[in-house]
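One-letter residues, chain by chain:
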Amino acid sequence: MLVRTLSGNPPKTKLPKGAVDTQMHAYLPGYPSLPGGPGLPAGDLPTPAQYLEFMRWIGIDRVIVTQGNAQQRDNSNLNACLAEFGSIARGVCVIDSTTSDPEMDRLSGAGNVGARIMDLPGGAVNLGELEAVDSKAASQGWMLAVQFDGSNILDHEARLARLKSRWVLDHHGKFFAGVTPDSPQVAAVKRLIDGGRCWFKFAGAYESSKSGGPDYADVAAVAREIAAYAPERIVWGTNWPHNLAREQADYPNDAALTDTVLGWLPDDTARHLALVKNPEELYGLPAWTAERD
């Protein structure tokens, strides 16, 4: 039985006030998995109530809830979770070329500020619908979260450069074939960042690392390179509840993982950007003020 740790010694890295976790999933009872997806996470259902405990442990103040692949194109669970979380949360949902304008308005009203493209097994909407999803997202002022095998980013660079919406390259780019800071794929990421609408997300390093934990040296090298190049374009996420973990041995130590990943940012100024200012810009969040501390 997989059991998620929700409390304990906090990370050694103290997160700034207003810190945003930009990558996590949550689930409520009554929303089953749907065909085409990977099924619900192992162990107890990872609910908003569990995540609120986790937030207090890690030191997170705000959260972006991402539609999980288990429910494919049905955002009902996501919207219910956003209602549970209230004002501290916004959502990244799944839409496609058939999503109506009234439904887009309803999704915005529920707290969604972005749409997800997931061009990997189990994903609900792939790169084939990129332009259609971008057009609908742009009409609402939303962002896009785009995930695919970044080893192939050169094949997609021209399309990504033409996106109208703000967008983030998810999960450290997921360069499954392996890259180094000098690889052409990393140069492509820099060019896309220079285009003015692209961000880069630190989350789920273990999903693409070939060298493995606890330091994920291969992912770390690329992360440090991009963070040094464009500290104003990095965002961070916990990837809670680590949906790929099916056994206890595969479940990470979240406090240690937080320290490791935030250690790839060069200094406290860069960490404040990645955890507060950058996600505010990317997701259209209100600025965190001293009155809210």
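Residue positions within a chain follow its written sequence, with the count starting from 1. Only residues with pLDDT of 70 or above have their local features reported here, since the model is predicted, and side-chain atom pairs are shown and tallied only from 80 upward, although totals for entire chains, interfaces and linings are computed over all residues. For the side-chain quantities, the full set of heavy atoms in the structure was used; hydrogens and water were omitted.

Caption draft 1: Structural detail: the overall build of the protein. For the purposes of this entry, the term helix denotes a DSSP run of H or I that reaches at least four residues, the term strand denotes a run of E that reaches at least two, and both are numbered from the N terminus. Across its full length, the protein carries nine helices and eight strands. A principal-axis box enclosing the C-alpha atoms of the protein has dimensions of 45 × 45 × 40 Å. Working definition: with a 1.4 Å probe on protein chains only, accessible area under 20% of the residue-type maximum means buried, over 50% means exposed, and in between means partly exposed. Within the protein, the fraction of its 293 residues that count as buried is 56%. Here, residues are in contact when the closest pair of their heavy atoms is within 4.5 Å. Summarising the internal contacts of the protein: among those between residues at least 6 apart in sequence, 77% fall at separations of at least 24. Accessible surface, the protein as shown: approximately 11,800 Å² in total, 50% of it carbon and sulfur. Positive charge is attributed to Lys and Arg, negative charge to Asp and Glu, and no charge count is given to His or to the chain ends. Charged side chains are reduced to one point each, which is NZ for Lys, CZ for Arg, CG for Asp and CD for Glu. Of note, the protein has its 27 positive side-chain charges centred 2 Å away from the centre of its 35 negative side-chain charges. Per-residue and other accessible areas follow the Shrake-Rupley method at a 1.4 Å probe size, with only the shown protein chains counted as cover for residues.

Caption draft 2: Here's a closer look at the nonpolar core. What we call a nonpolar core is a set of buried Ala, Val, Leu, Ile, Met, Phe, Trp, Tyr and Cys residues that are connected through their side-chain atoms within 4.5 Å. The biggest cluster of nonpolar side chains holds 79 residues, and the ones touching the most others in it are Tyr51, Leu144, Leu160, Trp167, Phe202, Trp236 and Trp264. It is helix 7 (residues 217–229) that provides the largest number of residues to this core, a total of six residues.

Caption draft 3: Spatial organisation of the packing of helix 6 (residues 184–194) against helix 7. It is the contact of helix 6 with helix 7, at a shortest axis distance of 11 Å, that shows an interaxial angle of 30 degrees. Relative to helix 7, helix 6 is oriented roughly parallel. In this structure, the crossing between helix 6 and helix 7 has a hand that is right-handed. In this structure, helix 6 uses Val186, Val189, Lys190, Ile193 and Asp194 to contact helix 7, whose residues at the interface are Val222, Glu225, Ile226 and Tyr229. Residue composition of the contact of helix 6 with helix 7, grouped by class: six nonpolar, no polar and three charged. Here an axis means a line fitted to C-alpha atoms, over the contact stretch when the element is a helix, while the angle between two N-to-C directions is reported on a 0 to 180 degree scale. Note that the term roughly parallel is reserved for angles under 35 degrees, roughly antiparallel for angles over 145, roughly perpendicular for angles of 65 to 115, and oblique for everything else. Two helices crossing with the near one rotated counterclockwise from the far one by less than a right angle form a left-handed crossing, whereas a clockwise rotation gives a right-handed crossing. We call Asp, Glu, Lys and Arg charged. Ala, Val, Leu, Ile, Met, Phe, Trp, Tyr, Cys and Pro are nonpolar, and the rest, Gly among them, are polar.

Caption draft 4: Region of the structure containing the packing of helix 3 (residues 101–109) against helix 4 (residues 130–140). Two elements in contact, helix 3 and helix 4, have axes separated by 11 Å at closest approach and are oriented at 60 degrees. One way to sum up the angle between helix 3 and helix 4 is to call them oblique. Helix-helix and strand crossings are classified by hand; for helix 3 and helix 4 the assignment is right-handed. Residues Met104, Asp105 and Ser108 of helix 3 form the contact with helix 4, whose participating residues are Lys136, Ala137 and Gln140. Here the contact of helix 3 with helix 4 is built from residues that sort into two nonpolar, two polar and two charged.

Caption draft 5: Seen up close, the packing of aromatic side chains. We call Phe, Tyr and Trp rings a pair once their centres come within 6.5 Å, taking the six-membered ring for Trp, and we label the pair stacked below 30 degrees between planes, edge-to-face above 60, and tilted otherwise. Counted under the stated rule, the structure contains seven aromatic pairs. Summarising the aromatic geometry, the rings of Phe54 and Trp240 are spaced 5.8 Å apart at their centres and angled 35 degrees between planes, so their arrangement reads as tilted. Taken together, the positions of Phe54 in helix 1 (residues 48–58) and Trp240 in the loop between strand 8 (234–236) and helix 8 (254–262) put the pair 186 residues apart, joining distant regions of the chain. We classify Phe54 as buried; its relative accessible area is 0%. With 6.2 Å between their ring centres and 90 degrees between their planes, Phe200 and Phe202 make a pair best called edge-to-face. Each member of the pair Phe200 and Phe202 is classed as buried. Taken together, the ring pairs connect Tyr51, Phe54, Trp57, Phe85 and Trp240 into an aromatic cluster. Only when the NZ of Lys or the CZ of Arg is both within 6 Å of the ring centre and within 35 degrees of the ring normal is a charge said to sit over the ring. Here the guanidinium or amino end of Arg233 rests over the ring plane of Trp199, the centre of that ring lying 4.2 Å away.

Caption draft 6: Main features of helix 1. For helix 1, the complete set of buried residues consists of Pro48, Gln50, Tyr51, Phe54, Met55, Trp57 and Ile58. For helix 1, the arc enclosing every buried residue in end-on projection is 165 degrees, short of the 170-degree limit, so these residues lie on one face. Looking at the buried residues of helix 1, the elements they touch are strand 1 (20–24), strand 2 (62–66), helix 2 (76–85), strand 8 and helix 8. Here the arc refers to the directions that run from the helix axis out to each C-beta atom.

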